[in-house]
Structure formats: structure tokens, C-alpha cells
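Notes for the structure review
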Amino acid sequence: MPADYSAVLVFIIAGTGIVVFTFLLSWFVQPRNPYKVKTETYECGEPIFEQSWTQFNNRFYIFGLIFVIFDVEAVFLFPWAVAFKSLGLFALVEMVIFITILLVGLVYAWKKGALKWV
Amino acid sequence: MEAYVFYLFAFIIIASGIAVVTMRNIFHCALMLIFCLFTVAGLYVLLSAEFLAVVQVLLYVGAVAILMIFAIMLTSRLAGREVQLSNEQTFVGGFLALVFALGIFYAVNATYFVPSDAVLGRENSLAIGKLLMTEFVLPFEVISVLLLAALIGAIIIARREGN
């Protein structure tokens, strides 16, 4: 392991440790007498009328799919940006082509109304 | 030290992997899968493949797993209900998994890995970026065409399903 990652490891351990400690502490000190009103979900005083597990609108899925495509694009942007200084203009042209091809997809999605919330 | 961290990560990966297939609520399974994939990113860091680790987090944790959670939340019959997640073939499946694991173990044990003399690059993403922009220009541009095809295909399929 590269040495400079030990800080990350300490961070992970401390982060998890604090959360676990807090949960354990509250588990030990809390009084337990649950009754019906107490265990209900708090919704600003409104009586609850439905489970919180509802079906979400299907339209979210197409946004998710488009997001994944552009997420993959972003992955290629990072090494390009790091190497950009040593590559110069040619790399810029390549990336413009890369993004333009993907922009066609975005325009397509736009024209097809996939981005519209009906 | 490195070995201990590896064992810690390996233990978390296996434990969360088992949790993915044994938990009752399919939503919790998806969360466990995210945990598992995240720890795999930790393994990549251990192997000094930082760029791969970031890609793992960005794509698998950030995109693929989120898409799975989307799919669960968008399916009316799945979210929050007790779904039949396992069938009668637990033992057959477990046996096959064991055989597979032993096979992998045997194969790894029997292979002699030649240590490479190549020095691990400190500047991971810089090297990848340079190669992408010089030697692998064509594959790089083809990727964008591939992504375009995937995007258009996804829109066509999703719209047809919607209507």
C-alpha cells in the first residue's frame, strides 16, 4: 500500500468507530418502552396514511440511464485533464470530438422528450 | 501492515457478499452490494491502482448500484415488501459455490506467478491519460460512439416500455 494512504485508513477507522460508538452508547443508555404512537414515523404531526415504501415514478429510470452514460464519459475526462498539460492542442481536439459525439446523444434525448417531465 | 489491511478488506468483501444473497429485504441486499463494491475499490488502492479505485467508486458504486436501487424503488412489487428471494436450491447453490471456490484456490495455488520487473507508476492517471490521447486514440473515440449507441438504445427501450 502506498504510504500516503494511511491517513485515509485512519479516517475510515475513525469515521466508522465514531458511528459504531454512538450507536452502542445510545443502545446502552436508552430507556425502552415502545408504544404505538411512539414507534410511528414522525411526519410533522400529520397522521401517517401510507407506507414510506412507495413506487417511485418510472420516469426517474431514464434519467438514471442517461446519468450512467455521462458518468462513464466523466471517467475519461479525468485522465485527460491530468495529462492535458503535456499533450497540448491535439488532446483538446480529441476530447472535443469525444464530447461532440456524446452531445449528439444528449440532443437526441432532448428532442425525443426524454428529459421532459410529463 | 499491508497484509492485515488486505485481510480486513477481504473479510468485509466476503461478509457483505454473503449478506447480499442472504438478507431478507432486497433493498438491504442492494446496500450490501454497494458496501461490497466499495471495499473492492479499497483493494485496488492496496494494489496501487488508484485510478481504477476511483473508477470503481464512480461507476460501480455511483452509477451501477444506484441504477439497481432505482430499479428496486421503481418496481411496485419489490420495494419494502418481503419478496421471495431464495428458492429450494440453497444447498445445491452453496455446493457449487464451494466447488468453484476450491477450483479457484487450486488454480491460484498451482500457478507460478512471475514477478514483474516493471516499476509501479506513481502517476497512475497521468500515464493512462497520455496513453489514451496518443497510442489509443481510435479506441478512445470509438468508446464515445459506443456510449452514444448505448444512450440511444436506452432511450428507445425505456420509452417503449413506458408507453
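Bear in mind the structure is a predicted one, so any value in this text is a computation, not a measurement.

**With respect to the overall build of chain B**
Across its full length, chain B carries six helices and zero strands. Sequence-ordered secondary structure for chain B, helices as α and strands as β, is α-α-α-α-α-α. What you see for chain B is a C-alpha radius of gyration of 20 Å, clearly larger than the 15 Å of a compact globule of 163 residues, by over 25%. For chain B, the spread of C-alpha atoms along the three principal axes comes to 55 × 45 × 25 Å. Taking all 163 residues of chain B together, 15% fall into the buried category. Contacts spanning at least 24 positions in sequence make up 52% of the contacts within chain B whose residues lie at least 6 apart.

**Some remarks on the confidence of the model for chain A**
Confidence along chain A averages 84 in pLDDT terms, with 92% of residues attaining 70 or more. Here helix H2 (residues 36–39) of chain A stands out as the element of chain A with the lowest mean pLDDT, 80, in contrast to helix H1 (residues 6–29) of chain A, whose mean of 92 is the highest.

**A closer look at the packing of helix H2 (residues 26–46) of chain B against helix H3 (residues 50–74) of chain B**
Residues and elements named next belong to chain B. Viewed as axis vectors pointing N to C, H2 and H3 meet at an angle of 175°, and their least axial separation amounts to 8 Å. What the angle tells us is that H2 and H3 run roughly antiparallel. Residue-level contacts link Ile26, Phe27, Ala30, Leu33, Ile34, Leu37, Phe38, Val40, Ala41, Tyr44 and Val45 of H2 to Glu50, Leu52, Ala53, Gln56, Val57, Tyr60, Val61, Ala65, Met68, Ile69 and Ile72 of H3.

**Regarding H3(B)**
With 25 residues, H3(B) extends 34 Å from end C-alpha to end C-alpha; this agrees with the ideal 36 Å at 1.5 Å per step. For H3(B), every residue scored as buried is listed here: Phe51(B), Ala53(B), Val55(B), Gln56(B), Ala63(B) and Met73(B). Those residues of H3(B) hidden inside the fold are in contact with helix H3 (59–87) of chain A together with H2 and helix H5 (124–133) of chain B.

**Overview of the domain arrangement of chain B**
All names here are of chain B. Split into domains, chain B comes out as domain 1 (1–82) and domain 2 (120–163). Once you take the C-alpha centre of each, domain 1 and domain 2 turn out to be 23 Å apart. The residue makeup of the side of domain 1 that touches domain 2, split by class, is two nonpolar, one polar and one charged.

**Topic: the interface of chain B and chain A**
Interface extent is often summarised as the accessible area lost during association of the parts. If you look at the interface, chain B gives 41 residues, while chain A gives 41 residues. Going through the elements one at a time, helix H1 (2–22), H2, H3, H5 and helix H6 (137–162) of chain B are the ones with two or more residues in the side of chain B that touches chain A. With 15 residues, H6(B) is the single largest residue contributor to the side of chain B that touches chain A. Among the residues making up the side of chain B that touches chain A, the classes are represented as 29 nonpolar, eight polar and four charged.

The rules we used
Residues numbered from 1 in each chain as written. Chains lettered and ligands numbered in written order. Predicted model: local features only at pLDDT ≥ 70, side-chain atom pairs only at ≥ 80, totals over all residues. Helix = DSSP H or I, 4+ residues; strand = E, 2+ residues; numbered from the N terminus. Rg over C-alpha atoms; globule rule 2.2 N^0.38 Å. Buried ≥ 20, exposed ≤ 12 C-beta atoms within 10 Å, placed from the backbone. Contact = placed C-beta atoms within 7 Å. pLDDT = per-residue confidence, 0-100. Axes fitted to C-alpha atoms, helices over the stretch in contact; angles between N-to-C directions. Parallel < 35°, antiparallel > 145°, perpendicular 65-115°, else oblique. Expected span 1.5 Å × (residues − 1). Domains from an automatic or database assignment. Nonpolar A, V, L, I, M, F, W, Y, C, P; charged D, E, K, R; others polar.

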